[in-house]
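As a plain string of letters, each chain reads:
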Amino acid sequence: MLEKVFSKPEWEEALNELRSTTKVYVPAKEGDFHNFRLLGNGKKPDFDFQNTRLSPKSVIFPQSERMFEYTLDERKEDAHILKEAPKDFSPQVIVGIRPCDAFAFQLVKINFDNPQYRDPWWVQRMDDTTLIGFACNEPCASCFCTSVGSGPFSEKGLDALMVDLGDRFLVRSVTPKGDAFLKKLKPGKDPDAALLDKAQDLAKASEKKISSKVPTDRLKEKVVNELFDAPFWERVSFACINCGTCTYLCPTCWCFDIQDEVSGKEGDRIRNWDACMFPLFTLHGSGHNPRDKKLQRVRQRFMHKLKYYVDKYENGAACVGCGRCVQFCPVNIDIREVFELMNGY
Ligand code: SF4
Ligand code: SF4
């Protein structure tokens, strides 16, 4: 483990120098919100944020990705042969990821990298990526990370953690990747005991600020069919407009669709994010749709996160308590209430 302290200008300079060998993703302000963007020449990261509007899942699992390419032109030797589209797997680092979003990569790993299935691109990108967390000194009112296995200063899933000490950052590595990241940077200073104590005090104070809690202790023992038929789904789903905001913003939602796009005789096979909240998500080629009602779709989203995932993987709920779906659902559907309903049913 290495611990270094950087003044804020030193930190920016160090990240800028790193750009010559590594793609550096940082939080950047866009209108009223922050999102992760590649640090460009002359650009500055902006660490003055609570959390980014979109989680950084797209850095590993792009919203649209060309998987394969092909030609239908029979004059060409490789006509009708599917070839992997070129992809960039050069080393990259996400600097400023919140602990909940880093933990989310651990939860979705079970889907993308397990003994039965292995998504080669997701796995390769994770291998090539270093995650530098940013502890939350001021969690949002909608955060409930401490109830679902994470926390504002949690190091789970991270290679290093940054702590904002006011005029400087303390950066502590927790994996060999994190060590290598710190060694590559223009060197910071060793922290003194007073700075380390300050970081500890901030961690304790931040945990106390998390006022939202959700119960999870009885989810596993519930009977699936009883939860499935529970009467509360009618009320929970009533206002939903199936906009998909909750799923697109969620760091643990992983669903995608695969489509072919052909222009002339040249084709691409593309994978795009999809969402269980959209009516077309389950539409069969026959025209039958097993989830044609919004109650079924809303139920699916919550049952997947809070029951099917819990039962199948014994890895807790598929939610890291980031609070995005709570903050941005246009009709105020609140997953914290659904935790209460399901856990207490
Ligand atoms: S954000 Fe709200 S309204 Fe939109 S799909 Fe999700 S639950 Fe429904
Ligand atoms: S379900 Fe909501 S609170 Fe949980 S991880 Fe997804 S967006 Fe965050």
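Look a little higher up for the structure.
Residues numbered from 1 in each chain as written. Chains lettered and ligands numbered in written order. Predicted model: local features only at pLDDT ≥ 70, side-chain atom pairs only at ≥ 80, totals over all residues. Heavy atoms only, no water.

## A word on the overall build of the protein chain
Moving on, step 1. Within the protein chain, the regular secondary structure consists of 12 helices and 11 strands.
Moving on, step 2. Its C-alpha radius of gyration of 22 Å places the protein chain within 12% of the 20 Å reference for a compact globule of 345 residues.
Moving on, step 3. Dimensions of the protein chain along its principal axes, counting C-alpha atoms only, are 65 × 65 × 40 Å.
Moving on, step 4. Across the 345 residues in the protein chain, those meeting the buried criterion constitute 51%.
Moving on, step 5. Across the protein chain, contacts joining residues at least 24 apart in sequence account for 73% of those joining residues at least 6 apart.
Moving on, step 6. Only carbon and sulfur atoms are counted for the fraction: they give 51% of the accessible area of the protein chain, which is about 16800 Å². (Helix = DSSP H or I, 4+ residues; strand = E, 2+ residues; numbered from the N terminus. Rg over C-alpha atoms; globule rule 2.2 N^0.38 Å. Buried < 20%, exposed > 50% of the residue type's maximum accessible area, 1.4 Å probe, protein only. Contact = heavy atoms within 4.5 Å. Areas by Shrake-Rupley, 256 points an atom, 1.4 Å probe, with all protein chains shown as cover.)

## What to know about the nonpolar core
Moving on, step 1. Counting residues in each nonpolar core, the largest one holds 37 residues, and the members touching the most others are Ile94, Ile97, Phe105, Trp122, Leu131, Val163 and Val320.
Moving on, step 2. Mapped onto this core, the elements with two or more residues apiece are α2 (57–60), β6 (92–97), α3 (99–112), α4 (120–128), β8 (160–164) and α6 (193–209).
Moving on, step 3. A per-element tally of this core places α3 first, with 9 residues.
Moving on, step 4. With residues up to four places along the chain from it excluded, the contact list for Ile94 reads Tyr25, Phe36, Pro56, Val59, Thr129, Thr130, Leu131 and Ile132.
Moving on, step 5. The next biggest cluster of nonpolar side chains, apart from the first, holds 28 residues, and it includes Cys240, Met277, Met303 and Cys329. (Core = buried A, V, L, I, M, F, W, Y, C linked by side-chain atoms within 4.5 Å.)

## Let's talk about the pairing of strand β7 (residues 129–134)
Moving on, step 1. The buried count for β7 comes to 6 of 6 residues, which makes it a mostly enclosed element.
Moving on, step 2. As paired strands, β6 and β7 are joined by 5 bridges and run parallel to one another. Its bridge partner lying in β7, Val93 is registered against Thr130.
Moving on, step 3. Direction of pairing for β7 relative to β8: parallel, over a ladder of 3 bridges. Following the sheet pairing, Phe134 is matched in β8 by Met162. (Pairing = 2+ DSSP bridges.)

## A word on the site of ligand 2
Moving on, step 1. Close to ligand 2 lie Phe144, Cys250, Pro251, Arg301, Lys305, Cys319, Val320, Gly321, Cys322, Gly323, Cys325 and Ile335, which account for all nearby residues.
Moving on, step 2. When the residues that make up the shell around ligand 2 are grouped by side-chain class, the tally is 8 nonpolar, 2 polar and 2 charged. (Near = heavy atom within 4 Å. Nonpolar A, V, L, I, M, F, W, Y, C, P; charged D, E, K, R; others polar.)

## Thoughts on the packing of helix α10 (residues 294–313) against helix α12 (residues 335–344)
Moving on, step 1. Packing of α10 against α12 leaves a shortest axis separation of 11 Å and a crossing angle of 60°. Taken as axis vectors, α10 and α12 run oblique relative to one another. The element α10 and its partner α12 pack so that their crossing is right-handed. Residue-level inspection shows Arg301, Phe302, Met303, Lys305, Leu306 and Lys307 of α10 in contact with α12, the latter providing Ile335, Val338, Phe339 and Met342.
Moving on, step 2. Its residues assigned to classes, the contact of α10 with α12 comprises 7 nonpolar, no polar and 3 charged. (Axes fitted to C-alpha atoms, helices over the stretch in contact; angles between N-to-C directions. Parallel < 35°, antiparallel > 145°, perpendicular 65-115°, else oblique. Left-handed = near helix turned anticlockwise from the far one by under 90°.)

## Structural notes on the side chain of Gln92
Moving on, step 1. Within the secondary structure, Gln92 sits in strand β6.
Moving on, step 2. Accessibility expressed as a relative area gives 4% for Gln92, which makes it buried.
Moving on, step 3. Side-chain polar atoms of Gln92 contact the side chain of Thr129, separated by 2.9 Å.
Moving on, step 4. Excluding anything up to four places from it in sequence, Gln92 contacts Thr22, Lys23, Tyr25, Val59, Ile60, Arg125, Asp128, Thr129 and Thr130. (Polar contact = N/O pair within 3.5 Å; in protein donor to acceptor, adjacent residues only side chain to side chain.)

## A word on the sheet that holds strand β4 (residues 64–71)
Moving on, step 1. Taken in spatial order, the 4 strands of this open sheet run β5-β4-β11-β10, and their pairing is antiparallel. Both outer strands of the open sheet, β5 (83–84) and β10 (256–263), are each paired with one neighbouring strand and no more.
Moving on, step 2. In terms of strand pairing, β4 meets strand β11 (residues 266–273) through 7 bridges, oriented antiparallel. Considered in β11, the bridge of Arg66 is made with Ile270.
Moving on, step 3. Across the sheet, α4 is in contact with β4, β5 and β11; its angle to β4 comes to roughly 130°.

## Things to note about the sheet that holds strand β9 (residues 168–173)
Moving on, step 1. With mixed pairing, the 7 strands of this open sheet are ordered in space as β1-β9-β8-β7-β6-β2-β3. The outermost strands of the open sheet, each flanked by one partner alone, are β1 (3–7) and β3 (33–38). The average angle at which neighbouring strand axes cross in this sheet is 25°, direction not considered.

None of this, on its own, says anything about what the molecule does.
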